[in-house]
Amino acid sequence: MEADRARLRAFIEAHPRLFVLTGAGCSTDSGIPDYRDTNGGWKRPQPVTYQAFMGEKSTRQRYWARSLVGWRRFGRALPNATHHALARLEQQGRVTTLLTQNVDGLHQAAGQRSVIDLHGRLDEVRCMGCDVRLSRHVFQEALVELNPAWATLDAGDAPDGDADLEGRDFSGFNVPACPKCSGILKPDVVFFGENVPRDRVDAAVTSLNEADAMLVVGSSLMVFSGYRFAAAAAREGKPIAAVNMGRTRADPLLSLKIEHPCAEVLSFVS
């Protein structure tokens with residue numbers, strides 16, 4: 001472990017302008033489960049797709065019922081040592097931009113200033129018809145008001161505010177409509193099968209171009225929306241270091257790979 005910390009410290013010191021990309025491994029110490037195992041495979045059924053959410057009332061009922069239960073803990077999650085270490089790196093002037101695949105807002109809660117939320121934020125809900133925005137905390141109150149019996153249920157945590165409510169009948173679950181136009185309300189995150197907004201990609205590419213090197217923390221990069229930045233860095237000849245438990249899609253591109261828990265490896269940042 002000490003040797004790996006020394007290698008990462010040397011990498012950071014050699015590249016004073018880092019483009020950082022983070023994934024679910026950053027937030028597991030905050031009590032938010034990740035999606036993939038150490039081989040990059042799914043630990044559970046794949047998340048709901050955009051097409052199913054928008055096209056099927058039953059999918060929306062199932063999603064929001066599970067979210068009602070899962071949000072109680074997800075919405076109270078706090079930054080952990082990894083988030084704070086990365087924020088300190090930024091304060092030291094070593095990070096140009098942090099691009100996160102996470103939707104929990106914990107980097108900002110730790111004090112990170114230059115953050116691009118590649119896949120959006122779960123703490124906001126938007127109408128797919130008129131684009132009105134609601135706080136997820138406000139929407140939680142509406143969900144509970146319409147479905148009081150569900151508010152007392154408990155279940156195991158699943159990634160991104162989901163909860164393991166297997167075997168339940170969701171057909172009677174009431175999903176609030178948009179208060180302005182009665183349209184479909186969706187968490188303001190990028191679902192599988194949905195495109196990342198172009199402005200976020202462009203901002204991240206610009207930041208990557210300005211960086212000396214790339215640091216990946218807690219991501220397998222199995223999803224192309226994240227992997228594309230490692231591929232771009234490699235094409236430009238920028239060194240890439242990764243701190244991740246297990247395989248990443250970018251392993252052949254890495255200059256440095258460390259397979260230890262993020263917080264332990266980054267504990268030298270003070």
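Note that the structure is a prediction, hence the values are computed from the model and not measured. (Residues numbered from 1 in each chain as written. Predicted model: local features only at pLDDT ≥ 70, side-chain atom pairs only at ≥ 80, totals over all residues. Heavy atoms only, no water.)

Peer 1: An account of helix α4 (residues 81-91) is requested, with residue identities and associated values reported.
Peer 2: Of all the residues in α4, the buried ones are Thr 82, His 83, Ala 85, Leu 86, Ala 87, Leu 89 and Glu 90. Residues of α4 that are buried in the fold lie against α1 (2-14), β1 (18-22), β2 (95-100), α5 (106-109), β7 (213-217) and α9 (262-265). Of the residues flanking the start of α4, the one acting as N-cap is Asn 80, its side-chain oxygen 2.8 Å from the backbone nitrogen of Thr 82. Gly 93 occupies a position one or two residues after α4 and carries a positive phi of about 80°. (Buried < 20%, exposed > 50% of the residue type's maximum accessible area, 1.4 Å probe, protein only. Helix = DSSP H or I, 4+ residues; strand = E, 2+ residues; numbered from the N terminus. Contact = heavy atoms within 4.5 Å. Polar contact = N/O pair within 3.5 Å; in protein donor to acceptor, adjacent residues only side chain to side chain.)

Peer 1: Please give an account of the nonpolar core that cites residues and values.
Peer 2: As a rule of thumb, soluble globular proteins bury nonpolar side chains together. Ranked by internal contacts, the top residues of the largest apolar core, which has 29 residues, are Trp 64, Val 69, Leu 122, Phe 139, Trp 150, Phe 173 and Leu 185. Taken together, the elements giving at least two residues each to this core come down to α3 (57-74), β4 (120-127), α6 (136-146) and β6 (185-189). In terms of residue count, the dominant contributor to this core is α3 (seven residues). If we skip the residues at most four places from it in the chain, Leu 185 touches Phe 53, Trp 64, Val 125, Arg 126, Cys 127, Leu 134, Phe 139, Pro 176, Ala 177 and Cys 178. (Core = buried A, V, L, I, M, F, W, Y, C linked by side-chain atoms within 4.5 Å.)

Peer 1: Requested: an account of the pairing of β4, with residues and values cited.
Peer 2: The pairing of β4 with β6 spans four bridges and is antiparallel. For Cys 127, the partnering residue across the bridge sits in β6 and is Leu 185. Bridge analysis of β4 against strand β5 (residues 133-135) gives three bridges, and the strand direction is antiparallel. Counted as the bridge partner of Arg 126 is Arg 133 from β5. Hairpin connection of β4 to β5: five residues between the antiparallel strands, including Asp 131 at a positive phi of 70°. (Pairing = 2+ DSSP bridges.)

Peer 1: So what's going on with the environment of Arg 94? Which residues, and what values?
Peer 2: Its place among the elements puts Arg 94 in the loop between α4 and β2. Note on Arg 94: relative accessible area 25%, which makes it partly exposed. Considered as a pair, Arg 94 and Ala 24 are 70 residues apart in the sequence and their alpha carbons are 22 Å apart. In contact with Arg 94, not counting residues within four places along its chain, are Ile 12, Glu 13, Pro 16, Arg 17, Leu 18 and Leu 89. Of note is the side chain of Arg 94, whose polar atom sits 3.5 Å from the side chain of Gln 92.

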